Amino acid sequence: RAGGAAPVLLMTWARRARPTDQALLADAYDSIGRELGVTVSPAGLAWQEARRQWPNLELHVADGSPPNPVGTYLAACVLYATLTGHDPRGAAPRITGHPYSRVLQDVDRTTTVTLVGLDPTLARRLQALAWSVVRQRTIGKG
């Protein structure tokens, strides 16, 4: 803060096997956010809503905790909307970048790969959901 930065907490999501934990996570993040006077980016609430709207949509990797590319994309859309205040609808459904090389033990800047490549229709749905959740939180606090 002394350098002009504005901290933001990224609310995480419940594990696949324990979706009802999201309420506890949201309360904890909101409480800490209030205590520290920082914004909370509601990725976990967007995940909860995505799971409600599309019960068969998989957001987690196989072990049911970290996000898969779809879950990562949704969280990124929520974070973008929180940080910028702009609607993420229209963002690219395909994200490219440089892969990590185990041989180099570093990012391989000589190669570009698709890091996330979603179906455009799915990407649009996730973008709209992210914007809706962020707007609801903003309106609710305003």
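As shown above, the structure is provided for reference.
Not measured: the values here are computed from a predicted model.

Caption draft 1: How the structure looks around the packing of aromatic side chains. Counted by the stated rule, this structure contains one aromatic pair. Between W13 and W47, the aromatic rings sit 4.3 Å apart at their centres with planes inclined by 10°, giving stacked as the arrangement. You can see W13 sitting in the loop between β1 (8-10) and α1 (22-36) and its partner W47 sitting in helix α2 (residues 43-53), a full 34 residues away along the chain. Given a relative accessible area of 15%, W13 falls into the buried group. Overall, the relative accessible area of 1% leaves W47 in the buried class.

Caption draft 2: Representation of the layout of surface pockets within the structure. Considering only enclosed or pocket space, the largest pocket measures out at about 180 Å³ in volume. Surrounding the largest pocket, twelve residues form its lining, T39, T82, V134, R137 and T138 being those nearest its centre. The leading source of residues in the lining of the largest pocket is helix α4 (residues 120-141), at six residues. Looking at the lining of the largest pocket residue by residue, the classes come out as five nonpolar, four polar and three charged.

Caption draft 3: Representation of the pattern of salt bridges within the structure. For the coordinates displayed, the defined rule picks out five salt bridges. Between D30 and R137 there is a salt bridge whose closest N-O contact spans 2.6 Å. Of this pair, D30 sits in helix α1 while R137 sits in helix α4, placing them 107 residues apart in sequence. A relative accessible area of 18% means that R137 is categorised as buried. The residue R89 makes a salt bridge to D87 at a minimum N-O spacing of 2.4 Å. When its relative accessible area of 48% is taken as the criterion, R89 is described as partly exposed.

Conventions used here
Residues numbered from 1 in each chain as written. Predicted model: local features only at pLDDT ≥ 70, side-chain atom pairs only at ≥ 80, totals over all residues. Heavy atoms only, no water. Phe/Tyr/Trp six-rings, centres within 6.5 Å; stacked < 30°, edge-to-face > 60°. Helix = DSSP H or I, 4+ residues; strand = E, 2+ residues; numbered from the N terminus. Buried < 20%, exposed > 50% of the residue type's maximum accessible area, 1.4 Å probe, protein only. 1 Å grid on protein atoms, 1.4 Å probe; cavity = no way out; pocket = protein on both sides within 12 Å on 5 of 7 lines; lining within 4 Å. Points joined across faces, edges and corners; volume = space filled by probe spheres on them. Nonpolar A, V, L, I, M, F, W, Y, C, P; charged D, E, K, R; others polar. Salt bridge = Lys/Arg side-chain N within 4 Å of Asp/Glu carboxyl O.

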